[in-house]
Amino acid sequence: QVQLVESGGGLVQPGGSLRLSCAASGSIFNIDFMGWYRQAPGKQRVAVASISNSGSTNYADSVKGRFTISRDNAKNTVYLQMNSLKPEDTAVYYCNAKRPSTPLFNSWGHGTQVTVSS
């Protein structure tokens, strides 16, 4: 019922910046949590950053101080500003969301590729 479309990925040099966007559409009512996740080749998908309906944010230690998650409720969009990018940030980035007392939606999209390389 909820469709999430990621965009904004690309190729960037170490130390560079990118801003990812995740646009939500469909049955977006009662969304109380949105988050960014990433998956590198051969690795599990892991959480990167999240934001609740109250504005509370959470970050993985590996990105703390470099990434910032934000949300524009009017646009039904969540963003991930990524600064000081490192090669280890290379991954496919996904967003997801949930409603109160439910797990994340089981409908992962194609994600957006972020490649950090010289």
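The notes below deal with the structure included here. As the structure is a computational prediction, the values presented were derived from the model and not from experiment.

Pairing between the strands of a sheet is mediated by backbone hydrogen bonds and can be parallel or antiparallel. Strand order in the open sheet formed by 4 strands is E1-E3-E8-E7, with antiparallel pairing between adjacent strands. A single partner strand is all that each edge strand has here, and the edge strands are strand E1 (2-7) and strand E7 (67-72). With strand direction ignored, the average angle separating the axes of adjacent strands in the sheet is 15°.

This next bit is on the nonpolar core. The biggest cluster of nonpolar side chains holds 28 residues, and the ones touching the most others in it are Trp36, Leu80, Met82 and Tyr93. Sequence-distant contacts of Met82, that is, excluding residues within four places in its chain, are made with Gly16, Ser17, Leu18, Leu20, Arg66, Phe67, Tyr93 and Val114.

The subject of this paragraph is the side chain of Arg66. Residue position: Arg66 is located in the loop between strand E6 (57-59) and E7. The contacts of Arg66, once residues within four sequence positions are left out, are Gln81, Met82, Asn83, Ser84, Leu85, Lys86 and Asp89.

Parameters at a glance
- Residues numbered from 1 in each chain as written.
- Predicted model: local features only at pLDDT ≥ 70, side-chain atom pairs only at ≥ 80, totals over all residues.
- Heavy atoms only, no water.
- Pairing = 2+ DSSP bridges.
- Helix = DSSP H or I, 4+ residues; strand = E, 2+ residues; numbered from the N terminus.
- Axes fitted to C-alpha atoms, helices over the stretch in contact; angles between N-to-C directions.
- Core = buried A, V, L, I, M, F, W, Y, C linked by side-chain atoms within 4.5 Å.
- Buried < 20%, exposed > 50% of the residue type's maximum accessible area, 1.4 Å probe, protein only.
- Contact = heavy atoms within 4.5 Å.

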